[in-house]
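Inside the fold
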Amino acid sequence: MSRCWKFGDNISTDHLIAGKYLVTSDPKTLATHCLEDTRPEFPKEVKPGDVIVAGDNFGCGSSREHAPIALKGCGIKGVIAASFARIFFRNAINIGLPIFESKEAARDIQEGDEVDIDMAGGKIINRTKGKSYSFEPFPKEILEIIEAGGLMQFVKKRMGK
Amino acid sequence: MTLAERIIASHAGQEEVHPGQFVYAEVDFCLGNDITAPVAIKEFEDAGLQKVFDRNRIALVPDHFTPSKDIASAQQVKTLRDFARKHQLAYFFEVGSVGIEHALLPEMGLVLPGDLIIGADSHTCTYGALGAFAVGVGSTDLAACFATGKVWLKVPETIKFVFNGKLPLWSSGKDLILFLISDIGVDGALYKAMEFTGPAISSLSMDDRFTICNMAIEAGAKAGIIPPDKITQKYVKGRARRSYVTYSSNGTASYCQIKEYDANTITPRVAIPSLPSNVQPVEALSQINIDQVVIGSCTNGRITDLRVAASLLKGKKVHPYVRLIIIPATQAIYLEALKEGLIEIFLKAGASVSTPTCGPCLGGHMGILAEGERCLATTNRNFPGRMGHPRSEVYLSSPAVAAASAITGRITHPANVA
């Protein structure tokens, strides 16, 4: 089960990792500053396997892949949001950070709720509230990238390496 | 098909494409900077890839933290330099020739009408001003493109924005795009292409058009695009380093939405913290004091931006409580400003003029804010802490409003100091 950290709308990549830290792309270093100005306790208390739940337009702003890298560095198991900004969406798929679009889950799940994510069944199960939510299934073209283990693995496969 | 769809179809080897369809499209040009390219290079090398798809179609532009602000940022630029030398890339720019990527590449004729361009920088959408389909992506997309020359794309729906009339005196492309983002919201064009048309757009300079397309991402868009016309052709002529094809939306174009506006009503605007959509008329903010003004960035660091700033600053002094930092976006713009006497006007007014860099826009260097400080900037984002301390504030405006406000120390309509 995963503990949920709840955020609002328009969490930008500047919130996720500030520009001043972009002198490295090391996941562990970035993780120590992830979301620090928004929730100072987040980088200190986040545990591997935790989940982020947010509102609309998650990951808006800069294209910095350091944002999903920082979340992966924190051990974040997945991000559930009402909607994702498009470059963040691409980046997450490309580097294998699981993301789930569900307006209902984004609205209903509260800070600290415990959830399980059933990828194959397409369900987010809220153990705290005893509810479940479906999420938008990925189109087959995106599933191929996810199943290959990210874009670079997918490219290697296609190039016949 | 719409302009965006026609470009995608032609690059995906298809007669037609439709919104929602996935394609692997050929890329005419790709780019990365000193923040995003190191991650792309690592991905490329970790995957054991040996060869780039075309050494003449990749640009590495170290513009964000340059001239390198510290050892770590110098290492990042070195990663780009080493990769560029190893793969004999035609376009790597050292300090002395480097400029802000989205001003530099159009200026050099490296990005052209009808192109499909990807850049590991969200403001890659700027090139839509040329009638190109230009998309911001992440580092891994860039790494894959280094190897394959292709990108995966979902064909976006297009929203058509028609601007009738003419912008009033002291209003610019920046005021128009701030107005539009406030109308549709920061996710008002999420995943979509924004096509800007109408008499008010046709009468704008290329510099204003770059500003408008630059901030399409601030409405969540995949691309901003302006149909190429005589002004586009004139700009590209003599610069283009490749042949190119111009496209326009044809009779069968289908838009998910068409919105019409009267440009005559778009007076100078300012976006207040902490979203680019929190837009107010300048007059409503006349009591807001400022500590710093930044004129520059990929949004507003071009020659017409510097000219309008100089026209207001000529013979005047920057307010004693204000630091004015002016950053020409490229060396060519800097040199032109020097020849036209703009730099002398800035220096005599008490402004600081910097070598081209993204610097303060993303809180990198060259003008970081202390706790509680407030900056009026011609940049594109005002998220919390964007330019420094998490409790500092960024307001966004045109160069005219920024220059006028630097003189008075408060947010000021340019007409009040002209």
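Details of the overall build of chain B
When its secondary structure is counted, chain B shows 14 helices and 18 strands. The C-alpha atoms of chain B give a radius of gyration of 20 Å, which matches the 22 Å a tight globule of 418 residues would have. Dimensions of chain B, computed from the C-alpha atoms along their principal axes, are close to 55 × 50 × 40 Å. A total of 418 residues make up chain B; the buried ones form 64% of that total. The contacts of chain B with a sequence gap of at least 6 include a subset with a gap of at least 24, amounting to 76%. Per element, the accessible surface of chain B, about 14000 Å² overall, is 50% carbon and sulfur.

Structural notes on empty space enclosed by the protein
All names here are of chain B. Per the stated rule, a full pass over the model turns up five cavities of 30 Å³ or more. If you add up the space inside the largest cavity, you get close to 220 Å³. Together, 22 residues line the largest cavity, and H64, D121, H123, L362 and R386 are the ones closest to its centre. Among the elements of the structure, α4 (101-107) and α10 (297-300) are those that each provide at least two residues to the lining of the largest cavity. In the lining of the largest cavity, the residues fall into seven nonpolar, ten polar and five charged.

Looking at the sheet that holds strand β3 (residues 58-61) of chain B
All names here are of chain B. Spatial strand order, β4-β3-β2-β5-β6: five strands in an open sheet with parallel pairing. What marks the edges here is a single partner per strand, and that holds for β4 (91-92) and β6 (133-136). For strand β2 (residues 29-33) and strand β5 (residues 116-119), the ladder comprises three bridges, and the chain directions are parallel. Looking at the pairing, F29 lines up with I117 of β5.

Re the domain arrangement of chain B
Residue and element names in this part refer to chain B. Assigned domains of chain B: these are domain 1 (3-261) and domain 2 (269-416). Taken residue by residue, the interface counts 36 residues in domain 1 and 41 residues in domain 2. Of the roughly 3000 Å² buried between domain 1 and domain 2 on both sides combined, carbon and sulfur atoms contribute 63%. Where domain 1 packs against domain 2, one counts one salt bridge.

A look at the pattern of salt bridges
Side chains bearing opposite charge may pair, as long as their charged atoms lie close to each other. The tally for this structure, following the rule as stated, stands at 28 salt bridges over all chains. Between E111 of chain A and R3 of chain A there is a salt bridge whose closest N-O contact spans 3.1 Å. With E111 of chain A in the loop between α6 (103-108) and β5 (114-118) and R3 of chain A in strand β1 (residues 2-6), the pair connects residues that are 108 residues apart, well separated along the chain. Between D82 of chain B and K78 of chain B there is a salt bridge, with the nearest N and O atoms lying 3.0 Å from each other. Here D82 of chain B and its partner K78 of chain B are both found in helix α3 (residues 71-86), four residues apart, which amounts to about one turn of the helix. Through salt bridges with shared partners, one network takes in R3, R39, E41 and E111 of chain A.

Re the interface of chain A and chain B
Each partner contributes residues to the interface: chain A has 44 residues there, and chain B has 50 residues. Per-residue buried area on chain A facing chain B is highest for R86, R90 and M152 of chain A; these three make up 20% of the total on that side. At the boundary of chain A with chain B, the tally comes to two salt bridges. In this structure, the salt-bridge partner of D141 of chain B is R90 of chain A, at a minimum N-O distance of 2.8 Å. Ranked by the residues each element gives to the side of chain A that touches chain B, the list is headed by helix α5 (residues 86-95) of chain A, at seven residues. For the side of chain A that touches chain B, a count of residues per class yields 17 nonpolar, 14 polar and 13 charged.

A short note on the packing of aromatic side chains
Counting across every chain of the model gives 18 aromatic pairs over all chains. For the ring pair F58 of chain A and F84 of chain A, a centre distance of 6.1 Å and an interplane angle of 85° mean the geometry is edge-to-face. Here F58 of chain A is found in the loop between β2 (51-54) and α4 (66-73), whereas its partner F84 of chain A is found in the loop between β3 (78-81) and α5, with 26 residues between them in sequence. You'll find F58 of chain A and F84 of chain A in the same group, each marked buried. Both rings, one in F163 of chain B and one in Y261 of chain B, keep their centres 5.1 Å apart while their planes meet at 20°; by these two values the pair is stacked. Placement of the pair is F163 of chain B in strand β8 (residues 158-164) and Y261 of chain B in strand β11 (residues 257-262), with a sequence separation of 98 residues.

What to know about the environment of L204 of chain B
Residues and elements named next belong to chain B. Secondary-structure assignment places L204 in the loop between α7 (199-202) and α8 (206-214). Sequence separation between L204 and I231 is 27 residues; the distance between their C-alpha atoms is 8.5 Å. Sequence-distant contacts of L204, defined by excluding residues within four places in its chain, comprise L167, R209, I212 and I231.

Overview of the state of the cysteines
On inspection of all chains with the given rule, the structure shows zero disulfides over all chains. For C34 of chain A, which is in no disulfide, the shortest distance to another cysteine sulfur is to C74 of chain A and amounts to 4.1 Å. The thiol of C60 of chain A is not disulfide-bonded; the next cysteine sulfur, from C125 of chain B, is found 14 Å away. When its relative accessible area of 7% is taken as the criterion, C60 of chain A is described as buried.

Describing α4 of chain A
Residues lying three or four places apart along an α-helix face the same way, a consequence of the helix completing one turn every 3.6 residues. α4 of chain A sits mainly inside the fold: seven of its eight residues count as buried. For α4 of chain A, every residue scored as buried is listed here: H66, A67, P68, I69, A70, L71 and G73 of chain A. In this fold, the buried residues of α4 of chain A make contact with α1 (13-16), α2 (27-31), β2, β3 and α5 of chain A together with α2 (37-46) of chain B. Just downstream of α4 of chain A, G75 of chain A is the residue with a positive phi angle, here 85°.

Quick notes on the environment of H102 of chain B
All names here are of chain B. When you line up the elements, H102 lands in helix α4. Each C-alpha atom of the pair H102 and I177 lies 17 Å from the other, and the pair is 75 residues apart in sequence. Sequence-distant contacts of H102, that is, excluding residues within four places in its chain, are made with L31, D121, H123, T124, T126, Y127, C298 and R302. In this structure the side chain of H102 is engaged in a polar contact, spanning 2.7 Å, whose partner is the side chain of Y127.

Definitions and cut-offs
Sequence order as written defines the numbering, with residues in each chain counted from 1. Chains carry letters and ligands carry numbers; both start at the beginning, A for chains and 1 for ligands, and go up in the order they are written. Only residues with pLDDT of at least 70 get local features here, since the model is predicted, and only at 80 or more are side-chain atom pairs given and counted; chain-wide, interface and lining totals rely on the full set of residues. Side-chain metrics in this entry use all non-hydrogen atoms of the structure; hydrogen atoms and water are not considered. Only DSSP runs of H or I covering at least 4 residues are called helices, and only runs of E covering at least 2 are called strands; the numbering of each starts at the N terminus. Here the globule rule reads 2.2 Å times residues to the power 0.38, and the radius of gyration is calculated from C-alpha atoms. Relative accessibility decides the category of a residue: with a 1.4 Å probe and only protein chains considered, values under 20% of the type maximum give buried, values over 50% give exposed, and everything between is partly exposed. The criterion used for residue contact is that any of the two residues' heavy atoms lie within 4.5 Å. Here the open area of atoms and residues is found with the Shrake-Rupley method and a 1.4 Å probe, where only the protein chains shown may cover a residue. Think of a 1 Å grid over just the protein atoms. A cavity is a set of points where a 1.4 Å probe fits yet cannot get out, a pocket is an open set with protein on both sides within 12 Å along at least five of seven lines, and lining residues have an atom within 4 Å of a point. Grid points are joined across faces, edges and corners, and a volume is the space filled by probe spheres set on the points. Here the nonpolar group is Ala, Val, Leu, Ile, Met, Phe, Trp, Tyr, Cys and Pro; Asp, Glu, Lys and Arg are the charged ones; every other residue, Gly included, is treated as polar. DSSP bridges decide pairing: two strands pair if at least two such bridges lie between them. The domain limits used here are those given by an automatic or database domain assignment. Once two parts are put together, the accessible area they lose, assessed with a 1.4 Å probe and summed over both, is termed the buried area. When a carboxyl oxygen of Asp or Glu lies within 4 Å of a side-chain nitrogen of Lys or Arg, that pair is called a salt bridge. Pairing of aromatic rings covers Phe, Tyr and the six-membered ring of Trp, with a centre-to-centre limit of 6.5 Å; geometry is then stacked below 30 degrees between planes, edge-to-face above 60, and tilted otherwise. Only a pair of cysteine sulfur atoms within 2.5 Å counts as a disulfide in this structure description. Polar contact is defined as a pair of N or O atoms within 3.5 Å, subject to the rule that within protein one atom must be able to donate a hydrogen and the other to accept it, and that residues adjacent in sequence are counted only when both atoms are side-chain atoms.

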